[in-house]
Amino acid sequence: FFFKQKTAYEIYQCDWSSDVCSSDLHRTHQYLLGIYSVIYGLHRTTLKRMKDDRGSVMHLLRSDSPRFSGFGEVYFSSIRCRAIKAWRRNHSATANFAVPVGAVEFVAFDSRPTSPTFNSKLLIVSGEDDYQLITVPAGVWYGFLGLAPSESLIVNLLDKPYDPDASDRLEYPSSDVPHEWILEA
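Each value, and the rule that gives it
Residues numbered from 1 in each chain as written. Predicted model: local features only at pLDDT ≥ 70, side-chain atom pairs only at ≥ 80, totals over all residues. Heavy atoms only, no water. Helix = DSSP H or I, 4+ residues; strand = E, 2+ residues; numbered from the N terminus. Buried < 20%, exposed > 50% of the residue type's maximum accessible area, 1.4 Å probe, protein only. Pairing = 2+ DSSP bridges. Axes fitted to C-alpha atoms, helices over the stretch in contact; angles between N-to-C directions.

A. How the structure looks around the environment of D165. Mapped onto the elements of the fold, D165 is located in the loop between strand 11 (152-158) and strand 12 (167-169). Classification of D165 as exposed rests on a relative accessible area of 68%. Residues D165 and N90, spaced 75 residues apart in sequence, show a C-alpha to C-alpha distance of 9.4 Å.

Have a look at this one:
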């Protein structure tokens, strides 16, 4: 199928007005969001959100979930619209991300030489309208682009306490992680 390349913001806004193959919009949307990509050990789980006129209750992770591997710490990080927070990699900790407020484009890159998905990249748009848990195994690089007009909130539950000596950080952009975000002017 043929389509015009979309920016992450256009994907989030679901603006497909300039596409020529309107019958393939759903397939195009899935392709652009990286649904056809996989990274070994990275899992996406749809999370429950109960909403009424008083507000919402949003689940994150239960100790009886197959994705739960222990509790080390939980922290919250905010990201502004069109801001980039990248790149990080944990040596031994598993990270569990959710975006209860706003929206982000999450990118993961598998740099583990022994992984069956070595050098694979995965893009996921996640947020309050598509609330999900993203479980990232140790050794996988990850980063975020803020998509919502206001600040987005990212929750990270690690299965081990954060140790700066047990993680790596690269400034964006980096030749070690082959990804470039397209930002609108």
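B. Quick look at the sheet that holds strand 9 (residues 132-136). Strand order in the open sheet formed by 5 strands is 1-9-6-11-4, and the pairing between neighbours is antiparallel. Each of the sheet's edge strands pairs with one partner strand only, and the pair in question is strand 1 (43-46) and strand 4 (73-79). Each strand axis lies, on average, 20° off the axis of its neighbour in the sheet, ignoring direction. With 7 bridges joining them, strand 4 and strand 11 adopt antiparallel strand pairing. For I79, the partnering residue across the bridge sits in strand 11 and is S152.

C. Seen up close, the sheet that holds strand 7 (residues 103-110). Sheet architecture is open: 5 strands sit in the order 8-7-10-5-12, paired in antiparallel fashion. Each edge of the sheet is formed by a strand with only one pairing partner; in this case those strands are strand 8 (121-127) and strand 12. Between one strand axis and the next, the sheet turns by 25° as a mean value, whatever way the strands run. Where strand 7 meets strand 10 (residues 140-146), 7 bridges bridge the pair, whose relative direction is antiparallel. Among the inter-strand pairings, F109 is bridged to a residue of strand 10, identified as W141.

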